[in-house]
Amino acid sequence: GLIASYYTVMGMGPFGAVDIRERLLIFQTFITTITVVGILLSTSMKAEAFKQLRLDSERQKAQLREKEKVEAALRESEENFRLIADAMPNLAWTCLPDGKVTFLNRQWKELTGIETDRVESEFWLSILHPEDVQNCLQQWKASLETGYPYQIEYRFKEKSGAYRWHLGRAVA
């Protein structure tokens, strides 16, 4: 095999006495064989690598399709929530765990004139009656820290400038 050919070319092994022309011919055969084996291995490895790349690409495409489905379902769910929240006659809002307001329904704008698509984190302090601010902040902070439900009666300023009592409830 290859090892015997190598030893023969090097002048060793059982065929070490072979003359130089035969050794060169054996050497050429040896190099050709090594090259062919290398090409075959390389081709096989390339084919396996391409197969793996194709599988990875298919997996990534499947993950992307799944991600797009999830994102579409989330958008639809958010849209449905907004439709329901805007259809109810109550003031509805959502916030993050730190208390930052993230959504106000259409009734907030109708009552207060606040643009609901540009919510600032503590916008509501500007429409809260000054006498209700301290109690409201204390109860809100306690609810956020403990996770207990938030419930309070307070006054909000309407577009007309008049204050009106509201019952506020939230689940932390």
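Below is a short write-up of the structure.

### Some remarks on the layout of surface pockets
Here is step 1 of the chain: Counted as a void, the largest pocket has a volume near 320 Å³.
Here is step 2 of the chain: Forming the boundary of the largest pocket are 14 residues, of which N90, L91, A92, W93 and R169 lie nearest the centre.
Here is step 3 of the chain: Elements with a minimum of two residues in the lining of the largest pocket: α2 (20–87), β3 (150–157) and β4 (163–170).
Here is step 4 of the chain: Per element, the largest residue contribution to the lining of the largest pocket is four residues, and it comes from β4.

### Describing helix α4 (residues 133–146)
Here is step 1 of the chain: With 14 residues, α4 ought to run about 20 Å at 1.5 Å a step, and its terminal C-alpha atoms sit 20 Å apart, in line with that.
Here is step 2 of the chain: Along α4, the residues classified as buried are C136, W140 and S143. Summarising the axial view, the buried residues of α4 lie within an arc of 65°, below the 170-degree limit, and thus occupy one face. Along α4, the residues that are exposed and aim more than 90 degrees away from the buried face are Q134, K141 and E145.
Here is step 3 of the chain: Looking one or two residues past α4, G147 carries a phi angle of roughly 85°, positive in sign.

### Focus: the pairing of β4
Here is step 1 of the chain: Of the strand pairs in this sheet, β3 and β4 are connected by eight bridges, and their pairing is antiparallel. Each bridged residue has a counterpart across the sheet, and for Q151 the counterpart in β4 is R169.
Here is step 2 of the chain: What sits between β3 and β4 in their antiparallel hairpin is a turn of five residues, with G161 showing a positive phi close to 100°.

The rules behind each value
Residues numbered from 1 in each chain as written. Predicted model: local features only at pLDDT ≥ 70, side-chain atom pairs only at ≥ 80, totals over all residues. Heavy atoms only, no water. 1 Å grid on protein atoms, 1.4 Å probe; cavity = no way out; pocket = protein on both sides within 12 Å on 5 of 7 lines; lining within 4 Å. Points joined across faces, edges and corners; volume = space filled by probe spheres on them. Helix = DSSP H or I, 4+ residues; strand = E, 2+ residues; numbered from the N terminus. Expected span 1.5 Å × (residues − 1). Buried < 20%, exposed > 50% of the residue type's maximum accessible area, 1.4 Å probe, protein only. Arc of directions from axis to C-beta. Pairing = 2+ DSSP bridges.

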